[in-house]
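Breakdown of the fold
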Amino acid sequence: MYVCMCHAVTEAQVKKEIDGGANTPRQIAKGCKAGTDCGSCVRRIQALLGEHGARPCPTARLAAKLGLADPDAAPYPEAAPSEPAPFAPLRAA
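Here we summarise the structure given alongside this text. Worth saying up front: this structure is predicted, and the values here are computed from it rather than measured. (Residues numbered from 1 in each chain as written. Predicted model: local features only at pLDDT ≥ 70, side-chain atom pairs only at ≥ 80, totals over all residues. Heavy atoms only, no water.)

1. Looking at the environment of Lys33
Positionally, Lys33 belongs in the loop between helix H2 (25-32) and helix H3 (42-51). With relative accessibility at 51%, the residue Lys33 sits in the exposed group. Remark: the alpha-carbon pair of Lys33 and Cys6, spanning 27 residues in sequence, is separated by 9.1 Å. Setting aside anything within four residues of it in sequence, one finds Lys33 in contact with His7 and Ile28. (Helix = DSSP H or I, 4+ residues; strand = E, 2+ residues; numbered from the N terminus. Buried < 20%, exposed > 50% of the residue type's maximum accessible area, 1.4 Å probe, protein only. Contact = heavy atoms within 4.5 Å.)

2. Structural notes on the nonpolar core
Formed by 13 residues in total, the largest nonpolar core has its most connected members in Val3, Val9, Val14, Ile18, Ile28, Ala34 and Ile45. Among the secondary structure elements, those contributing two or more residues to this core are strand S1 (2-4), helix H1 (11-19), H2 and H3. Among the elements that line this core, the one with the most residues is H3, at 3 residues. Once residues lying within four places of it in the same chain are set aside, the contact partners of Ile18 are Ile28, Leu48, Leu49 and His52. (Core = buried A, V, L, I, M, F, W, Y, C linked by side-chain atoms within 4.5 Å.)

3. Brief notes about the state of the cysteines
A full pass over the atoms with the stated rule returns 0 disulfides. For Cys32, which is in no disulfide, the shortest distance to another cysteine sulfur is to Cys4 and amounts to 7.5 Å. Among the residues examined, Cys32 registers a relative accessible area of 15% and is labelled buried. (Disulfide = S-S within 2.5 Å.)

4. Observations concerning the pattern of salt bridges
Enumeration according to the criterion identifies 3 salt bridges in this entry. Glu11 is paired through a salt bridge with Lys15; the nearest N and O atoms lie 3.3 Å apart. Taken as a pair, Glu11 and Lys15 lie in helix H1 at a separation of 4 residues, close to a single helical turn. Lys15 sits in the partly exposed class, given a relative accessible area of 28%. The closest approach of N and O atoms between Arg44 and Glu11, which form a salt bridge, is 3.0 Å. Pair noted here: Arg44 is in helix H3 and Glu11 is in helix H1, with a separation of 33 residues, a long-range link. Judged by relative accessible area, which is 31%, Arg44 ranks as partly exposed. Exposure remark for Glu11: the relative accessible area of 17% places this residue in the buried category. Shared partners join several salt bridges into a network, and the residues in it are Glu11, Lys15, Arg44 and Glu51. (Salt bridge = Lys/Arg side-chain N within 4 Å of Asp/Glu carboxyl O.)

See below:
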């Protein structure tokens, strides 16, 4: 499966970089260029790093340090149905 479409980098290539000692997205990028163009693959790279025991992304560490991380919480809480935005009539110029 491709992780980085911009540079045609597969998940296997990213895992190879991790096995070779890379433990940050920047180190992965130096090895195979994944994450250096549009950046849409960086979250998947971070997930692969986390799955292989690398340090978590800085945002997760900061949330844990501030006590904001709740391991029992669902990752995506269900959104309550919302009311439609009120209609504002246009004014004639």
